[in-house]
Amino acid sequence: MLLPAFLIHLSNSIDADARCRLDGTMKIKFVLAGYVTLFSFTFVCSVLPADEKSAIEQALRDLDAQWSAAAETKDLEKTIAFYSEDAIVLPTNAPAATTKEAIRNTWKELLASPGLAISWRTTKVEVARSGDIAYTTGTYELTMNGPSGNLVPDHGKYVEVWKKQADGKWKVAVDIWNSDVLLPLPEKK
């Protein structure tokens, strides 16, 4: 790397050029101060500008709304298209889906539920400083027929971790939702 070599060269040439007569300890402190300064600039320069962060937040809100609309229409292909290739889905009261096929089956079963009505709404978006990962949180509403055939309402919350893909598109890498509705207690025997 050129930067460390430059700093070492600079510290070695301080006495020769400026005739400062710094001892070895002071030269090392000078070099370290240079490293710290340059390292600080790296972090300052990597902070996402506010307008770019706002644009990403809005884009993720829009994508999440489109995703909810796809699920509302029970379009399986559009619904699962929002996931990255390596996504993990953690549904309520079910095993984790860690493959594309398992994710497809999870959504296929849910979307085929009799009487299903589903929607969700983003309430918060948080974007990482790097601008390539973010999470959304929100609430969902779901209704489907229960075992006896009558409608069973459900509502709860979710977290989605979004990752910017190599092609610049945002996809969900981790998706978890859980219900706010208490499960009925089992009957005593």
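Residues numbered from 1 in each chain as written. Predicted model: local features only at pLDDT ≥ 70, side-chain atom pairs only at ≥ 80, totals over all residues. Heavy atoms only, no water.

**Side note on the sheet that holds strand 3 (residues 133-145)**
Phase 1: Judged by pairing direction, the sheet is mixed, and its 5 strands sit side by side in the order 1-5-4-3-2 without closing on themselves. The open sheet has two free edges, formed respectively by strand 1 (83-90) and strand 2 (117-127), since each of these has just one partner strand. Direction aside, the axes of adjacent strands within the sheet are offset by 20 degrees on average.
Phase 2: When strand 1 meets strand 5 (residues 170-179), the two strands line up parallel, connected through 4 bridges. What sits directly across from Ile88, in strand 5, is Val174.
Phase 3: Most of the contacts of helix 3 (residues 50-72) go to strand 2, to which it runs at about 170 degrees, and overall it touches strand 1, strand 2, strand 3, strand 4 (151-164) and strand 5. (Pairing = 2+ DSSP bridges. Helix = DSSP H or I, 4+ residues; strand = E, 2+ residues; numbered from the N terminus. Axes fitted to C-alpha atoms, helices over the stretch in contact; angles between N-to-C directions. Contact = heavy atoms within 4.5 Å.)

**Some points on the environment of Ala112**
Phase 1: Relative to the helices and strands, Ala112 resides in the loop between helix 5 (100-111) and strand 2.
Phase 2: Judged by relative accessible area, Ala112 falls into the exposed class, the value being 60%.
Phase 3: Ala112 sits 38 residues away from Lys74 along the chain, and the two C-alpha atoms are 7.9 Å apart. (Buried < 20%, exposed > 50% of the residue type's maximum accessible area, 1.4 Å probe, protein only.)

**Side note on the pairing of strand 3**
Phase 1: Looking at chain direction, strand 2 and strand 3 are connected through 10 bridges and run antiparallel. Paired with Ile118 across the bridge in strand 3 is Leu142.
Phase 2: Here strand 2 folds back onto strand 3 in antiparallel fashion, the turn holding 5 residues, of which Gly131 has a positive phi close to 80 degrees.
Phase 3: Hairpin connection between strand 3 and strand 4: a loop of 5 residues separates the two successive antiparallel strands, and Gly149 in this loop has a positive phi of roughly 100 degrees.

**Some remarks on the confidence of the model for the chain**
Phase 1: With 75% of its residues at a pLDDT of at least 70, the chain reaches an overall mean of 84.
Phase 2: Contacts for the low-pLDDT stretch residues 38-45, under 50 throughout, to residues beyond four places or in other chains number 2 contacts. (pLDDT = per-residue confidence, 0-100.)

**Focus on the side chain of Thr136**
Phase 1: Within the secondary structure, Thr136 sits in strand 3.
Phase 2: There is a polar contact of 3.1 Å between the side chain of Thr136 and the side chain of Trp162.
Phase 3: The residues contacting Thr136, other than those within four sequence positions of it, are Leu60, Asp64, Thr122, Lys124, Val125, Tyr158, Val159, Glu160 and Trp162. (Polar contact = N/O pair within 3.5 Å; in protein donor to acceptor, adjacent residues only side chain to side chain.)

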